[in-house]
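Listed below are the residues making up each chain.
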Amino acid sequence: MRRAARPGRAAAVGLLLAARAVAGLEPISVGIAIAAASALTGYLSYTDLFCRFAECCLEEQRLNASALKLELEEKLFGQHLATEVILKALTGFKNNKNPKKPLTLSLHGWAGTGKNFVSQIVAENLHSKGLKSNFVHLFVSTLHFPHEQQIKLYQDQLQAWIRGNVSACASSVFIFDEMDKLHPGIIDAIKPFLDYYEQVDGVSFRKAIFIFLSNAGGDLITKIALDFWRAGRKREDIQLKDLEPVLSVGVFNNKHSGLWHSGLIDRNLIDYFIPFLPLEYRHVKMCVRAEMRARGSAIDEDVVTRVAEEMTFFPKSEKIYSDKGCKTVQSRLDFH
């Protein structure tokens with residue numbers, strides 16, 4: 001005897017299609033439709049099914065460390081320290097089911113060395129929509145905190161925003177760009193959230209991630225990199241211990257770092273100060289090739305060389321490091 005069709009299959013499909021159609025308009029209707037479809041099909045849980053049509057905060061989702069490692073190694077040039085530290089920090093944090101505090105990373109180096117690029121890669125590996133995710137939040141100092149006379153207002157708004165979003169998604173990611181342009185004192189508003197508290201006002205922040213991006217300390221990083229070069233040592237010989245102590249003290253004492261005399265440093269709440277080394281001529285050429293591949297263009301080594309040679313390098317006597325890193329590669333490639 002022919003097996004009877006599972007009842008409600010057509011109705012379930014119809015409900016799913018209807019849910020998709022109204023997804024951008026009425027979340028409650030979406031939830032009702034998907035719940036009904038789930039009940040009819042009996043195949044997926046409500047959560048599994050809902051997350052096929054709407055972005056969900058998957059707090060227990062494991063980090064694909066191999067994918068992150070491959071992406072950093074293939075797309076980030078000349079930054080062996082950043083690659084190593086970020087990979088270990090994120091892997092260790094995400095594998096820990098009960099972290100004692102949020103993960104807090106502070107990325108330092110001159111413009112064009114890859115800080116923003118890395119924050120984008122990290123965001124995409126933590127939440128599939130990356131910087132477009134509802135659970136990844138980007139603050140730009142000159143845009144969101146422009147007026148020095150409104151520091152108290154910014155502090156209150158920042159606390160409320162972070163508290164609300166971590167309440168909605170414990171594994172939220174917060175990225176603060178242009179920290180060197182942030183008025184002193186603003187960032188200390190989030191100090192309680194970064195500390196070793198189980199909860200603050202009924203909210204646990206322990207699974208959140210905070211990333212600071214800053215040009216501050218770029219001079220200190222360059223000095224040590226240059227010392228290695230002049231001593232005939234490879235840049236790959238530079239270790240985190242050569243830079244991190246100098247960087248943390250330098251940023252703490254720099255009035256234009258956004259972390260000047262900050263309790264975040266004083267209380268050792270920043271887990272890693274990650275240096276981004278100045279880029280050499282060979283790294284600029286790598287950036288040009290990567291941009292060509294991204295555009296679907298064939299690699300033309302003559303063009304690669306011309307673009308790289310148009311960049312300016314320092315110090316004046318040795319001309320080792322690109323003064324803009326790879327920041328202007330895209331625009332310069334447009335002319336070739």
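Since we're looking at a predicted model, the values are computed, not measured. (Residues numbered from 1 in each chain as written. Predicted model: local features only at pLDDT ≥ 70, side-chain atom pairs only at ≥ 80, totals over all residues. Heavy atoms only, no water.)

**Points about helix α4 (residues 65-75)**
For α4, the set of buried residues is Leu 68, Glu 71 and Leu 72. Projected onto a plane normal to the axis of α4, the buried residues spread over an arc of 95° and lie on a single side. For α4, the elements touching its buried residues are α5 (80-95) and α6 (115-126). (Buried < 20%, exposed > 50% of the residue type's maximum accessible area, 1.4 Å probe, protein only. Helix = DSSP H or I, 4+ residues; strand = E, 2+ residues; numbered from the N terminus. Arc of directions from axis to C-beta. Contact = heavy atoms within 4.5 Å.)

**Details of the side chain of Ser 141**
Inspection of the secondary structure assignment puts Ser 141 in helix α7 (residues 141-144). Among the residues examined, Ser 141 registers a relative accessible area of 2% and is labelled buried. There is a polar contact of 3.1 Å between the side chain of Ser 141 and the backbone oxygen of Asp 177. Apart from residues lying up to four places away in sequence, Ser 141 is in contact with Pro 146, Asp 177, Glu 178, Met 179, Lys 181 and Leu 182. (Polar contact = N/O pair within 3.5 Å; in protein donor to acceptor, adjacent residues only side chain to side chain.)

**Notes on the nonpolar core**
Judged by nonpolar contacts, the single largest core of 68 residues is most densely connected at Ile 86, Leu 90, Ile 162, Phe 176, Ile 187, Ile 190 and Phe 212. A per-element tally of this core places α5 first, with eight residues. Setting aside its immediate chain neighbours within four residues, Ile 187 contacts Phe 176, Met 179, Leu 182, Phe 212, Gly 258, Leu 259, Ser 262 and Leu 264. Membership of the second largest hydrophobic core comes to 15 residues, among which are Phe 77, Cys 287, Met 292 and Ala 308. (Core = buried A, V, L, I, M, F, W, Y, C linked by side-chain atoms within 4.5 Å.)

**Here's the deal with the layout of surface pockets**
Taken as a whole, the largest pocket holds about 850 Å³ of empty space. Lining the largest pocket are 28 residues, and of these Gly 114, Phe 117, Cys 287, Cys 326 and Gln 330 lie nearest its centre. Where the lining of the largest pocket is concerned, the elements lending two or more residues are α4, α6, β4 (209-214), α13 (281-294) and α15 (329-333). Ranked by residues supplied to the lining of the largest pocket, first place goes to α13 with five residues. Grouping the amino acids of the lining of the largest pocket by side-chain chemistry returns 11 nonpolar, seven polar and 10 charged. Counting only domains with at least three residues in the lining of the largest pocket, you end up with domain 2 (65-276) and domain 3 (281-333). Empty space within the second largest pocket amounts to approximately 220 Å³. The wall of the second largest pocket is formed by 14 residues, among which Leu 58, Gln 61, Leu 126, His 127 and Ser 128 lie closest to the centre. Per-element accounting of the lining of the second largest pocket gives the leading share, three residues, to α6. (1 Å grid on protein atoms, 1.4 Å probe; cavity = no way out; pocket = protein on both sides within 12 Å on 5 of 7 lines; lining within 4 Å. Points joined across faces, edges and corners; volume = space filled by probe spheres on them. Nonpolar A, V, L, I, M, F, W, Y, C, P; charged D, E, K, R; others polar. Domains from an automatic or database assignment.)

**Re the state of the cysteines**
Working definition: the covalent bond between the sulfur atoms of two cysteines is a disulfide. Within the structure shown, the criterion is met by three disulfides. Across the disulfide from Cys 287 sits Cys 326; the S-S distance is 2.0 Å. Taking the sign of the S-S torsion, about 85° here, the bridge from Cys 287 to Cys 326 comes out right-handed. One end of the pair, Cys 287, is in helix α13; the other, Cys 326, is in the loop between β7 (321-322) and α15, and 39 residues separate them in sequence. (Disulfide = S-S within 2.5 Å.)

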